[in-house]
Amino acid sequence: QVQLVESGGGLVQPGGSLRLSCAASGSIFSINAMGWYRQAPGKQRELVATITNVGSTNYADSVKGRFTISRDNAKKSAYLQMNDLKPEDTAVYYCNADVRRWYYSSPNTYWGQGTQVTVSS
(Lines give C-alpha, C1' and ligand atoms only; values in the text may rest on other atoms or scores of the structure.)
Protein backbone atom coordinates (compact mmCIF):
# COMPACT_ATOMS: atom_id res chain seq x y z
CA GLN A 1 0.00 0.00 0.00
CA VAL A 2 0.87 3.66 -0.22
CA GLN A 3 0.40 6.18 2.58
CA LEU A 4 0.59 9.95 2.46
CA VAL A 5 0.92 11.77 5.78
CA GLU A 6 0.54 15.53 6.06
CA SER A 7 1.82 17.66 8.91
CA GLY A 8 2.38 21.29 9.78
CA GLY A 9 -1.15 22.65 10.00
CA GLY A 10 -2.39 24.80 12.84
CA LEU A 11 -3.77 28.14 13.91
CA VAL A 12 -2.07 31.28 12.63
CA GLN A 13 -2.91 34.97 12.59
CA PRO A 14 -3.60 36.80 9.33
CA GLY A 15 -0.34 37.71 7.65
CA GLY A 16 1.45 34.77 9.25
CA SER A 17 3.15 31.76 7.70
CA LEU A 18 2.94 27.99 7.88
CA ARG A 19 4.84 25.19 6.17
CA LEU A 20 3.01 21.98 5.35
CA SER A 21 4.81 18.71 4.74
CA CYS A 22 3.64 15.55 3.01
CA ALA A 23 5.57 12.29 3.23
CA ALA A 24 4.83 9.27 1.06
CA SER A 25 5.67 5.75 2.17
CA GLY A 26 4.94 2.17 1.24
CA SER A 27 5.39 0.23 -1.95
CA ILE A 28 6.54 2.98 -4.34
CA PHE A 29 8.50 2.65 -7.58
CA SER A 30 8.20 6.31 -8.56
CA ILE A 31 6.10 9.40 -7.94
CA ASN A 32 5.00 11.61 -10.80
CA ALA A 33 3.11 14.76 -9.86
CA MET A 34 2.40 15.75 -6.27
CA GLY A 35 -0.10 18.35 -5.23
CA TRP A 36 -1.86 20.22 -2.49
CA TYR A 37 -5.61 20.73 -2.43
CA ARG A 38 -7.87 22.30 0.16
CA GLN A 39 -11.47 22.11 1.24
CA ALA A 40 -13.22 24.76 3.27
CA PRO A 41 -16.47 24.04 5.14
CA GLY A 42 -19.39 23.90 2.73
CA LYS A 43 -17.16 24.14 -0.32
CA GLN A 44 -15.73 21.72 -2.85
CA ARG A 45 -12.14 20.60 -2.73
CA GLU A 46 -9.98 22.88 -4.85
CA LEU A 47 -6.50 22.82 -6.29
CA VAL A 48 -3.87 24.85 -4.47
CA ALA A 49 -0.64 23.87 -6.20
CA THR A 50 1.00 21.00 -8.05
CA ILE A 51 4.58 20.05 -8.87
CA THR A 52 5.89 17.50 -11.36
CA ASN A 53 8.77 15.13 -10.74
CA VAL A 54 11.07 17.53 -12.60
CA GLY A 55 9.92 20.56 -10.64
CA SER A 56 7.38 22.26 -12.88
CA THR A 57 4.80 24.03 -10.75
CA ASN A 58 1.24 25.23 -11.10
CA TYR A 59 -0.72 27.43 -8.67
CA ALA A 60 -4.27 28.54 -8.12
CA ASP A 61 -4.63 32.25 -8.85
CA SER A 62 -5.71 32.87 -5.26
CA VAL A 63 -2.35 31.75 -3.85
CA LYS A 64 0.11 32.91 -6.51
CA GLY A 65 2.86 35.00 -4.99
CA ARG A 66 2.05 33.82 -1.45
CA PHE A 67 2.44 30.02 -1.55
CA THR A 68 5.38 27.97 -2.79
CA ILE A 69 5.28 24.24 -3.50
CA SER A 70 8.46 22.18 -3.47
CA ARG A 71 9.48 18.54 -3.23
CA ASP A 72 12.36 16.31 -2.24
CA ASN A 73 12.30 13.25 -4.49
CA ALA A 74 14.83 11.35 -2.37
CA LYS A 75 12.56 11.75 0.66
CA LYS A 76 9.35 11.14 -1.33
CA SER A 77 8.05 14.36 0.16
CA ALA A 78 6.32 17.55 -0.88
CA TYR A 79 6.05 20.85 0.94
CA LEU A 80 3.84 23.91 0.84
CA GLN A 81 5.25 27.15 2.20
CA MET A 82 2.35 29.49 2.89
CA ASN A 83 3.06 33.16 3.53
CA ASP A 84 0.81 36.17 4.08
CA LEU A 85 -2.03 33.90 5.09
CA LYS A 86 -5.57 35.22 4.92
CA PRO A 87 -8.76 34.10 6.68
CA GLU A 88 -10.02 32.76 3.35
CA ASP A 89 -7.11 30.29 3.33
CA THR A 90 -8.77 28.48 6.24
CA ALA A 91 -9.43 24.90 5.15
CA VAL A 92 -8.36 21.31 5.47
CA TYR A 93 -5.31 20.87 3.26
CA TYR A 94 -4.79 17.55 1.48
CA CYS A 95 -1.72 16.19 -0.22
CA ASN A 96 -1.95 13.90 -3.21
CA ALA A 97 0.52 12.00 -5.33
CA ASP A 98 0.46 10.07 -8.60
CA VAL A 99 2.34 6.92 -7.68
CA ARG A 100 3.64 4.02 -9.74
CA ARG A 101 3.96 1.08 -7.40
CA TRP A 102 5.93 -1.11 -9.82
CA TYR A 103 7.92 -0.60 -13.02
CA TYR A 104 5.11 -1.89 -15.25
CA SER A 105 2.18 -0.32 -13.43
CA SER A 106 0.24 2.77 -14.38
CA PRO A 107 0.16 5.61 -11.87
CA ASN A 108 -2.65 5.80 -9.34
CA THR A 109 -3.59 8.81 -7.26
CA TYR A 110 -3.33 8.61 -3.50
CA TRP A 111 -4.51 11.11 -0.89
CA GLY A 112 -3.47 11.97 2.62
CA GLN A 113 -5.85 12.38 5.52
CA GLY A 114 -5.62 16.16 5.57
CA THR A 115 -4.32 18.78 7.98
CA GLN A 116 -6.33 21.71 9.30
CA VAL A 117 -5.15 25.26 8.64
CA THR A 118 -7.01 28.02 10.45
CA VAL A 119 -6.23 31.68 9.84
CA SER A 120 -7.82 33.87 12.48
CA SER A 121 -7.01 36.69 14.85
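Located above this text is the structure these notes cover.
Keep in mind it's a predicted model, so treat the numbers as computed, not measured. (Residues numbered from 1 in each chain as written. Predicted model: local features only at pLDDT ≥ 70, side-chain atom pairs only at ≥ 80, totals over all residues. Heavy atoms only, no water.)

Trainee: How would you sum up a nonpolar patch on the surface? Please name residues and give values.
Mentor: Among the surface-exposed residues, Phe 29, Tyr 103 and Tyr 104 lie close enough to one another that they form a single nonpolar patch of about 450 Å² accessible area. Among the structural elements, Tyr 104 can be located in the loop between strand E9 (91-100) and strand E10 (108-111). The class of Tyr 104 is exposed, set by a relative accessible area of 78%. (Patch = residues over 30% accessible without salt bridge, like charges linked within 9 Å, V, L, I, M, F, W, Y side chains within 5 Å. Areas by Shrake-Rupley, 256 points an atom, 1.4 Å probe, with all protein chains shown as cover. Salt bridge = Lys/Arg side-chain N within 4 Å of Asp/Glu carboxyl O. Helix = DSSP H or I, 4+ residues; strand = E, 2+ residues; numbered from the N terminus. Buried < 20%, exposed > 50% of the residue type's maximum accessible area, 1.4 Å probe, protein only.)

Trainee: Any details on the nonpolar core? Residues and values, ideally.
Mentor: Formed by 32 residues in total, the largest nonpolar core has its most connected members in Met 34, Trp 36, Val 48, Phe 67, Leu 80, Met 82 and Tyr 93. Among the elements that make up this core, the one with the highest residue count is E9 (five residues). With sequence-adjacent residues up to four places away left out, Phe 67 is seen in contact with Arg 38, Val 48, Tyr 59, Leu 80, Gln 81, Met 82, Asn 83, Leu 85, Asp 89 and Tyr 93. (Core = buried A, V, L, I, M, F, W, Y, C linked by side-chain atoms within 4.5 Å. Contact = heavy atoms within 4.5 Å.)

Trainee: Account for the state of the cysteines, with residues named and values stated.
Mentor: Taken as a whole, this structure holds one disulfide when the rule is applied. The disulfide that involves Cys 22 links it to Cys 95, with 2.0 Å between the sulfurs. Judged by the sign of its S-S torsion, about -75°, the cystine formed by Cys 22 and Cys 95 is left-handed. One end of the pair, Cys 22, is in strand E3 (residues 18-26); the other, Cys 95, is in strand E9, and 73 residues separate them in sequence. With a relative accessible area of 1%, Cys 22 lands in the buried category. When its relative accessible area of 0% is taken as the criterion, Cys 95 is described as buried. (Disulfide = S-S within 2.5 Å.)

Trainee: Please give an account of the pattern of salt bridges that cites residues and values.
Mentor: Scanning all chains against the criterion turns up five salt bridges. The residue Asp 61 makes a salt bridge to Lys 64 at a minimum N-O spacing of 3.1 Å. The exposed category is assigned to Asp 61, whose relative accessible area is 63%.

Trainee: I'd love a proper account of the packing of aromatic side chains, names of residues and values included.
Mentor: With the rule as written, the count across this model stands at three aromatic pairs. With a centroid separation of 5.6 Å and an interplanar angle of 90°, the aromatic rings of Phe 29 and Tyr 103 are classed as edge-to-face. Of this pair, Phe 29 sits in the loop between E3 and strand E4 (30-39) while Tyr 103 sits in the loop between E9 and E10, and the two are 74 residues apart along the sequence. Here Tyr 103 falls in the exposed class, since its relative accessible area comes to 53%. Between the aromatic rings of Tyr 103 and Tyr 104, the centroid separation amounts to 4.9 Å while the plane-to-plane angle is 90°, which identifies the pairing as edge-to-face. Connected via pairs of aromatic rings, a cluster forms that spans Phe 29, Tyr 103 and Tyr 104. Seen from the ring of Tyr 79, Arg 19 lies directly overhead, with NZ or CZ sitting 4.3 Å from the centre. (Phe/Tyr/Trp six-rings, centres within 6.5 Å; stacked < 30°, edge-to-face > 60°. Lys NZ or Arg CZ within 6 Å of the ring centre and 35° of its normal.)

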